[in-house]
Amino acid sequence: MTDVYDEQRAAYLWAEVVGPTVNRLTTRRYIADGVLHVFISSAPLKSELSFLVDTLRERINDAVGRQIVKSIVIH
């Protein structure tokens with residue numbers, strides 16, 4: 001049960017980590033098997049975020065307090 005809660009919390013924290021501008025362009029996000037899937041409506045932003053996935057993963061995991069997100073896939 002704690003894992004499910006932490007996964008949901010990690011997905012929720014996406015908005016806090018990336019800020020309101022990026023979050024406004026986020027259409028959907030969910031975690032499956034430790035992978036955070038994020039759907040972005042802007043192609044240039046998708047490209048930019050693809051360079052930041054390691055940093056974003058670390059920041060989300062730090063906010064949760066443990067290693068929940070193994071990787072992030074930007075769609």
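Up top you'll find the structure we're talking about.
Residues numbered from 1 in each chain as written. Predicted model: local features only at pLDDT ≥ 70, side-chain atom pairs only at ≥ 80, totals over all residues. Heavy atoms only, no water.

**Section: the environment of Arg-9**
Position of Arg-9 relative to the elements: it lies in helix H1 (residues 2-18). When the C-alpha positions of Arg-9 and Asp-54 are compared, they lie 18 Å apart, and in sequence the two are 45 residues distant. Those residues in contact with Arg-9 that lie beyond four places of it in its chain are Ala-63 and Val-64. (Helix = DSSP H or I, 4+ residues; strand = E, 2+ residues; numbered from the N terminus. Contact = heavy atoms within 4.5 Å.)

**A look at the packing of H1 against helix H4 (residues 53-64)**
Taken N-terminus to C-terminus, the directions of H1 and H4 make an angle of 120°; their axes are 9 Å apart at the nearest point. With respect to H4, the axis of H1 lies oblique. Crossing angle aside, the handedness with which H1 passes H4 is right-handed. Each of Asp-6, Arg-9, Ala-10, Leu-13, Trp-14, Val-17 and Val-18 in H1 lies in contact with H4, whose residues at this interface are Leu-56, Arg-59, Ile-60, Ala-63 and Val-64. The class makeup of the residues in the contact of H1 with H4 is 9 nonpolar, no polar and 3 charged. (Axes fitted to C-alpha atoms, helices over the stretch in contact; angles between N-to-C directions. Parallel < 35°, antiparallel > 145°, perpendicular 65-115°, else oblique. Left-handed = near helix turned anticlockwise from the far one by under 90°. Nonpolar A, V, L, I, M, F, W, Y, C, P; charged D, E, K, R; others polar.)

**Overview of the sheet that holds strand E1 (residues 26-32)**
Pairing between the strands of a sheet comes from backbone hydrogen bonds, and it takes one of two forms, parallel or antiparallel. Strand order across the open sheet formed by 3 strands is E1-E2-E3, with mixed pairing between neighbours. For this open sheet the edge positions go to E1 and strand E3 (71-74), each flanked by a neighbour on one side alone. For this sheet the average axis-to-axis angle between neighbouring strands, irrespective of direction, equals 15°. Here 4 bridges tie strand E2 (residues 35-40) to E3, and the two strands are oriented parallel to one another. Directly across from His-37, in E3, lies its bridge partner Val-73. Where H1 meets the sheet, it contacts E1, E2 and E3, and its direction lies at approximately 155° from that of E1. The strands touched by H4 are E2 and E3; relative to E3, the strand with the most contacts, the crossing angle is about 125°. (Pairing = 2+ DSSP bridges.)

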